[in-house]
Amino acid sequence: MIDLHCHLLPGVDDGARNLEEAVAMARMAIEEGITHAVLTPHFHQGIYDNQVSTLKPVFETFKEQLAESQIPLEIAVAGEVRISTDLLHLLPAGNVPFIGSIDDTPVMLLELPYSHIPPGTDNLLNWLHKNNVKTMIAHPERNREIISNPSAIKQLKLGGTMFQLTVGSFSEMFGEKVRDTAETLLLDGYADIVATDAHRIDKRPPTVKAGLDAISALVGPDIMKRLSFDTPKAISQVLF
Ligand SMILES: [Fe+2]
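Residues numbered from 1 in each chain as written. Predicted model: local features only at pLDDT ≥ 70, side-chain atom pairs only at ≥ 80, totals over all residues. Heavy atoms only, no water.

Peer 1: Where do I start with the coordination of the iron ion in this structure?
Peer 2: Ideal geometry at a metal centre: 109.5 degrees between donors when four sit tetrahedrally, and 90 or 180 degrees when six sit octahedrally. Surrounding the iron ion are the protein donor atoms His5 (NE2), His7 (NE2), Glu80 (OE) and Asp197 (OD), which sit 2.1 to 2.2 Å from the metal. Sequence spacing of the donor residues for the iron ion, all on one chain, is H-x1-H-x72-E-x116-D. Here His7 is found in the loop between strand E1 (2-6) and helix H1 (19-31), whereas its partner Glu80 is found in strand E5 (residues 80-82), with 73 residues between them in sequence. For His7, a relative accessible area of 1% translates into the label buried. Looking at Glu80, the relative accessible area reads 1%, which means it is buried. (Donors = N, O, S within 2.8 Å, 3.2 Å for Na, K, Ca; no water. Helix = DSSP H or I, 4+ residues; strand = E, 2+ residues; numbered from the N terminus. Buried < 20%, exposed > 50% of the residue type's maximum accessible area, 1.4 Å probe, protein only.)

Peer 1: Teacher, can you tell me more about the environment of Pro72 here?
Peer 2: Here Pro72 is to be found in the loop between helix H2 (52-68) and strand E4 (74-77). Since its relative accessible area comes to 57%, Pro72 is described here as exposed. Here the alpha-carbon distance between Pro72 and Lys134, two residues 62 residues apart in the chain, equals 30 Å. Filtering out sequence-adjacent residues up to four positions away, Pro72 remains in contact with Ile30 and Thr35. (Contact = heavy atoms within 4.5 Å.)

Peer 1: What am I meant to see in the packing of aromatic side chains here?
Peer 2: The way to describe two aromatic rings as a pair is by their centre distance and the angle between their planes. Per the stated rule, a full pass over the model turns up one aromatic pair. When the ring of Phe163 is compared with that of Tyr190, the centres are 6.4 Å apart and the planes differ by 90°; the resulting orientation is edge-to-face. With Phe163 in strand E9 (residues 162-166) and Tyr190 in the loop between helix H7 (176-187) and strand E10 (193-195), this residue pair connects regions lying 27 residues apart in the sequence. The lysine or arginine in question, Arg142, covers the ring of Phe174, its NZ or CZ lying 4.2 Å from the ring centre. (Phe/Tyr/Trp six-rings, centres within 6.5 Å; stacked < 30°, edge-to-face > 60°. Lys NZ or Arg CZ within 6 Å of the ring centre and 35° of its normal.)

Peer 1: Looking at this structure, I do not really get the pairing of strand E7 (residues 105-111). What am I missing?
Peer 2: When you tally the buried positions in E7, you get seven out of seven residues, the bulk of the element. Here E7 shows a buried face lined by Thr105, Val107, Leu109 and Glu111 and a second buried face lined by Pro106, Met108 and Leu110. Note that strand E6 (residues 100-102) and E7 share three bridges and pair antiparallel. Bridging from a neighbouring strand, Ser101 pairs with Pro106 of E7. Between the end of E6 and the start of E7, which pair antiparallel, lie two residues, with Asp103 showing a positive phi angle near 50°. Looking at chain direction, E7 and strand E8 (residues 134-138) are connected through four bridges and run parallel. The partner of Leu109 across the bridge, within E8, is Met136. On the question of chirality, the crossover connecting E7 to the parallel E8 by way of helix H4 (residues 121-130) is right-handed. (Pairing = 2+ DSSP bridges. Right-handed = clockwise from strand over helix to strand, strands pointing away.)

Peer 1: What am I meant to see in the pattern of salt bridges here?
Peer 2: As a working rule, side chains carrying opposite charge can pair if their charged atoms are close by. Throughout the structure, instances matching the rule amount to 10 salt bridges. Measuring nitrogen to oxygen at the nearest pair gives 2.9 Å for the salt bridge that ties Arg179 to Asp180. Under the relative-accessibility criterion, Asp180 is labelled partly exposed at 37%. The network of salt bridges with common partners includes Glu172, Arg179, Asp180 and Glu183. (Salt bridge = Lys/Arg side-chain N within 4 Å of Asp/Glu carboxyl O.)

Peer 1: Honestly, the packing of helix H8 (residues 209-219) against helix H9 (residues 221-235) in this entry has me stumped. Any pointers?
Peer 2: Working note: a packed helix pair is described by the angle between its axes plus the distance between those axes. At a minimum axis distance of 7 Å, the contact between H8 and H9 shows a crossing angle of 130°. One element, H8, and the other, H9, form an angle in the oblique class. Crossing handedness for the pair H8 and H9: right-handed. Judged by residue contacts, Leu212, Ile215, Ser216 and Val219 of H8 engage Pro221, Ile223, Met224, Leu227 and Ser228 from H9. Tallied by class, the residues present in the contact of H8 with H9 amount to seven nonpolar, two polar and no charged. (Axes fitted to C-alpha atoms, helices over the stretch in contact; angles between N-to-C directions. Parallel < 35°, antiparallel > 145°, perpendicular 65-115°, else oblique. Left-handed = near helix turned anticlockwise from the far one by under 90°. Nonpolar A, V, L, I, M, F, W, Y, C, P; charged D, E, K, R; others polar.)

Peer 1: What is the right way to look at the side chain of His199 in this model?
Peer 2: In this structure, His199 sits in the loop between E10 and H8. Other than its neighbours up to four places away in sequence, His199 contacts His7, Asp14, Gly15, Ala16, Met25, His42 and Arg204.

Below, the structure is given as structure tokens:
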């Protein structure tokens, strides 16, 4: 599997607390069959004030530690960006990370609040598209408005936004309602890729085997491979 969403970078958000935990999570990822990972700390103004420039040294230290520990996980650093009007000035200022690109268009991983889809989200996504950014929304299956009405994302999909589902949602890491919503979105064709969204070794670890098996059982091994390997690989060429 190629994982385009995980919080392994130590001490920069609510993911790995320190280098030791980050290394343990990387080891677990390898054991689970994950070979490449894009680390995506939160970019959420006022909550996690991460910047592309300040993450680089933390990333380099982690990368060196992986080599020293002989853990063959290939990593790159990007971020998970909170959807907000802050993007209107962050994007022109160059302080937004991209998880890769499609047809030379950079791909931004975006996070909705858990409660609802904020009014104006479609306009903001369209503005990003007009500014040469491809958008991908993480874990729609955990948003309460989408849980109540999965087709709420139809207009966003038609507007060109991609969707990334969390593998653990399929193995009930987040309960039955989230699992049911993930299954509905997958079967209705809304899933472009899947990722771990791993946070900590004891809470939301990078375990994927059960979730990938559940996806295979629903849509077959070819689509499971496309979601977890082929499409993520095409996006994350920086890793290869
Ligand atoms: Fe995340």
